[in-house]
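Examination of the molecular architecture
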Amino acid sequence: MHSFYAAPVLALGLLIGTSEAQAPEFEATPLADGVHLFRWQSHQSLVVVTDDGVVAVDPISTVAAQRFAEEIRRLAPGKPLRAIVYSHHHADHASGADVLRKSFGGAIPIVAHANAAPRIAEAGDTDLPPPDLTFTSTLTLHFGGRIVELHYLGRSHSDNMVVTYLPEERLAFAVDFVSNDRMGYRDLPDYYFPDFFESLERLLELGFETIAFGHGPTGDRGSIERQVAYYRDLREAVANAIERGWSEEEAAERVKLAPYAEWGNYEEWFPLNVRAIYRWQAAAR
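Rules used throughout
Residues numbered from 1 in each chain as written. Predicted model: local features only at pLDDT ≥ 70, side-chain atom pairs only at ≥ 80, totals over all residues. Heavy atoms only, no water. Buried < 20%, exposed > 50% of the residue type's maximum accessible area, 1.4 Å probe, protein only. Helix = DSSP H or I, 4+ residues; strand = E, 2+ residues; numbered from the N terminus. Pairing = 2+ DSSP bridges. Right-handed = clockwise from strand over helix to strand, strands pointing away. Axes fitted to C-alpha atoms, helices over the stretch in contact; angles between N-to-C directions. Left-handed = near helix turned anticlockwise from the far one by under 90°. Contact = heavy atoms within 4.5 Å. Nonpolar A, V, L, I, M, F, W, Y, C, P; charged D, E, K, R; others polar. pLDDT = per-residue confidence, 0-100. Expected span 1.5 Å × (residues − 1). Salt bridge = Lys/Arg side-chain N within 4 Å of Asp/Glu carboxyl O. Polar contact = N/O pair within 3.5 Å; in protein donor to acceptor, adjacent residues only side chain to side chain. Phe/Tyr/Trp six-rings, centres within 6.5 Å; stacked < 30°, edge-to-face > 60°. Lys NZ or Arg CZ within 6 Å of the ring centre and 35° of its normal.

1. A word on the pairing of strand β12 (residues 171–174)
- Neither face of β12 is exposed, since Leu 171 and Phe 173 on one face and Ala 172 and Ala 174 on the opposite face are all buried.
- With three bridges joining them, strand β11 (residues 162–166) and β12 adopt antiparallel strand pairing. Each bridged residue has a counterpart across the sheet, and for Tyr 165 the counterpart in β12 is Ala 172.
- The turn joining β11 and β12, which pair antiparallel and follow one another in sequence, is formed by four residues; a positive phi near 55° is taken by Arg 170.
- By the bridge criterion, four bridges tie β12 to strand β13 (residues 210–213) in an arrangement that is parallel. The residue of β13 that forms the bridge with Ala 172 is Ile 211.
- Note on the crossover from β12 through helix α5 (residues 195–203) to β13: the handedness is right-handed.

2. Observations regarding unusual backbone geometry
- Omega for the peptide link from Phe 193 to Pro 194 comes to 5°, which places this bond in the cis form.
- Mapped onto the secondary structure, Pro 194 falls in the loop between β12 and α5.
- A positive phi angle, close to 75°, is found at Ile 60, a residue other than glycine.
- On the basis of relative accessibility, which here comes to 3%, the residue Ile 60 falls in the buried class.

3. Section: the packing of helix α6 (residues 221–243) against helix α8 (residues 266–284)
- It is the contact of α6 with α8, at a shortest axis distance of 9 Å, that shows an interaxial angle of 65°. Considering the relative orientation of α6 and α8, their crossing is right-handed. Of α8, the residues touching α6 (which contributes Tyr 230, Tyr 231, Leu 234, Arg 235, Val 238, Ala 239 and Ile 242) are Phe 270, Asn 273, Val 274, Ile 277, Tyr 278, Trp 280, Gln 281 and Ala 282.
- Looking at side-chain class alone, the contact of α6 with α8 contains 12 nonpolar, two polar and one charged residues.

4. Description of the confidence of the model for the protein
- Considering every residue of the protein, the mean pLDDT works out to 93; 93% of them sit at 70 or more.
- Counting contacts from residues 1–21, a segment whose pLDDT is below 50, to residues more than four positions away or on other chains yields 78 contacts.

5. Some points on helix α1 (residues 62–75)
- Its 14 residues place the ends of α1 20 Å apart at the C-alpha level, agreeing with the 20 Å of an ideal helix rising 1.5 Å per residue.
- Turning to α1, its buried residues number three or more, namely Ala 64, Ala 65, Phe 68, Ala 69, Glu 71, Ile 72 and Leu 75.

6. Quick word on the pattern of salt bridges
- Using the criterion set out here, one finds 18 salt bridges in the structure.
- For Arg 74, the salt bridge goes to Glu 71, with nearest N and O atoms at 2.9 Å. Taken together, the positions of Arg 74 and Glu 71, both in helix α1 and three residues apart, correspond to about one turn of that helix.
- Classification of Arg 74 by relative accessible area gives partly exposed; the value is 28%.
- Glu 248 is paired through a salt bridge with Arg 279; the nearest N and O atoms lie 3.0 Å apart. Here Glu 248, found in helix α7 (residues 248–254), pairs with Arg 279, found in helix α8; they are 31 residues apart in sequence, far enough to count as distant.
- One connected set of salt bridges, linked through shared partners, spans Asp 187, Glu 248, Glu 249, Arg 275 and Arg 279.

7. Focus: the side chain of Asn 273
- Relative to the helices and strands, Asn 273 is located in helix α8.
- Of note is the side chain of Asn 273, whose polar atom sits 3.0 Å from the backbone oxygen of Gly 184.
- Once you skip the residues sitting within four places of it in the chain, Asn 273 turns out to touch Met 183, Gly 184, Tyr 185, Arg 186, Leu 188, Tyr 230, Tyr 231 and Leu 234.

8. Some words on the packing of aromatic side chains
- Tallied over the entire structure, the rule returns 17 aromatic pairs.
- Taking NZ or CZ as reference, Arg 73 lies 4.7 Å from the ring centre of Phe 104, over its face.
- The lysine or arginine in question, Arg 254, covers the ring of Trp 246, its NZ or CZ lying 3.9 Å from the ring centre.

This is the structure we're talking about:
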């Protein structure tokens, strides 16, 4: 068992160097008592404040981590940073941990799934330090009376994706492999099929009512149920296109899913989602 704690604080969004019509470059939004979503541009991280200190999930980048550290101090004045969690090994979410460590003046442990360690070592990125503590399935951390669960649901977007779950708050934080009413990222790079679809189903086994994401607006259980339905409908539509003898190019142009046309990035990314599923299904035949 590992302990980290924090006190409830109210988070405020900050606006610097922008007009009212523009989104702030960064902001911290309260999700629950002592739990905040930190956004840096289009990337988001989780801050969990307990009586004994703070847990930070995803430092994002060296630049973002500098502002992240300032926000942690504002949200939890005088409290130490007890742990840094990597949602997965990708540099656009995990870089900058040493910036947080230096800012809080200690050998703060980095926690990640076991599969992240060799990926990080192979990358050799000095801005992406390796984890100090790893696990393979589920790790439960007890910090100042607060429970933070880390769950590996299987391969999805990477082979080391960790979902953070706070059972008492019934709140989850999931990065990249799922979002709230948005298309999957482009042609679903670094996705594992069919494992990814199984991970989505397993996500619903967690008892969350609210779920925040590495990108985009916060959602609820319905958000994940709709994502499950989307990928099921996408697989079926692409399978039908292959049965008709359509090429990948034809499928990307002709396959449409009207119920999801209002989702974020539909025009730009839906044809790329089609291409990804087409390649996987065609290769499996």
